[in-house]
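Results of the structural survey
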Amino acid sequence: MLSSIFYRQLRHYIGNTVTVATGSDLFEGVLHAVTDEIIRITESAPGYENNLDIITIPLDKIKYVRVDNAQ
């Protein structure tokens with residue numbers, strides 16, 4: 001039940017910049033998609049060409065999510 005609440009809440013923030021922490025990693029980017037099992041964020045890789053990486057994170061691995069610029 002708690003995961004369904006988390007999933008529904010995250011869907012409200014699609015298009016916003018988020019910081020997502022897992023047990024071992026920290027990701028920052030724009031929340032691109034949310035399903036009942038995963039989220040996808042578009043992360044900007046620093047560097048000369050400024051590549052965009054799409055990161056897929058399982059919901060059950062997320063420790064916390066911070067939303068920046070919530071609309």
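Residues numbered from 1 in each chain as written. Predicted model: local features only at pLDDT ≥ 70, side-chain atom pairs only at ≥ 80, totals over all residues. Heavy atoms only, no water.

1. Re the overall build of the protein chain
Let me state the cut-off plainly: By definition, any uninterrupted DSSP run of H or I lasting at least four residues is a helix, any uninterrupted run of E lasting at least two residues is a strand, and each is numbered from the N terminus. Only protein chains enter the area calculation, which uses a 1.4 Å probe; residues under 20% of their type maximum are buried, those over 50% are exposed, and those in between are partly exposed.
Counting its secondary structure elements, the protein chain contains one helix and five strands. The linear arrangement of helices and strands in the protein chain, starting from the amino end, is α-β-β-β-β-β. Going through the 71 residues of the protein chain one by one, you find that 30% of them count as buried.

2. Digging into the sheet that holds strand β4 (residues 52-58)
Two modes of strand pairing occur in sheets, parallel and antiparallel, and in both the strands are linked by backbone hydrogen bonds. The following threshold applies: Note on pairing: two strands pair once DSSP finds at least 2 bridges between them. For every element, the axis is a line fit to its C-alpha atoms; helices are fit only across the contacting stretch, and the angle between N-to-C directions ranges from 0 to 180 degrees.
Strand order in the open sheet formed by five strands is β4-β3-β2-β1-β5, with antiparallel pairing between adjacent strands. Two strands in the sheet have a free side with no partner beyond their single neighbour: β4 and β5 (62-68). For this sheet the average axis-to-axis angle between neighbouring strands, irrespective of direction, equals 40°. Sheet analysis places strand β1 (residues 17-22) next to strand β2 (residues 26-34), joined by five bridges and oriented antiparallel. Looking across to β2, one finds that Thr17 is bridged to Val30.

3. Focus on the confidence of the model for the protein chain
Quick note on the threshold: Residue-level confidence of the predictor is what pLDDT reports, using numbers from 0 through 100.
Overall, the prediction assigns the protein chain a mean pLDDT of 87, with 85% of residues at 70 or greater. No element of the protein chain has a lower mean pLDDT than helix α1 (residues 2-11), at 84, and none a higher one than β1, at 95.

4. Remarks on the environment of Thr22
Just so we agree on the cut-off: Throughout, a residue-residue contact means that at least one pair of heavy atoms, one from each residue, lies within 4.5 Å.
Take Thr22: it is sitting in strand β1. With 38 residues separating them in the primary sequence, Thr22 and Asp60 have C-alpha atoms 9.1 Å apart. Leaving out residues up to four positions away in the same chain, Thr22 has contacts with Phe27, Ile57, Lys61 and Lys63.

5. Here we look at the nonpolar core
Heads up, the condition is: Among buried residues, the Ala, Val, Leu, Ile, Met, Phe, Trp, Tyr and Cys ones that are joined through side-chain atoms within 4.5 Å form a nonpolar core.
Ile39, Ile41 and Ile57 are the most contacted members of the largest nonpolar core, which totals 13 residues. Contributing elements (two or more residues each) for this core: α1, β1, β2, β3 (38-44) and β4. Here this core takes three residues from β2, the largest share from any one element. Apart from residues lying up to four places away in sequence, Ile39 is in contact with Leu10, Val20, Leu31, Ala33, Val34, Ile55, Thr56, Ile57, Leu59 and Ile62.

6. Overview of the pattern of salt bridges
Any two side chains of opposite charge can pair, given that their charged atoms come close. Using the following cut-off: When a carboxyl oxygen of Asp or Glu is within 4 Å of a side-chain nitrogen of Lys or Arg, the pair counts as a salt bridge.
Under the counting rule described, the total for this entry stands at one salt bridge. The salt bridge partner of Asp68 is Arg66, with a shortest N-O separation of 3.3 Å. Residue Arg66 is classed as partly exposed on the basis of its relative accessible area of 45%.

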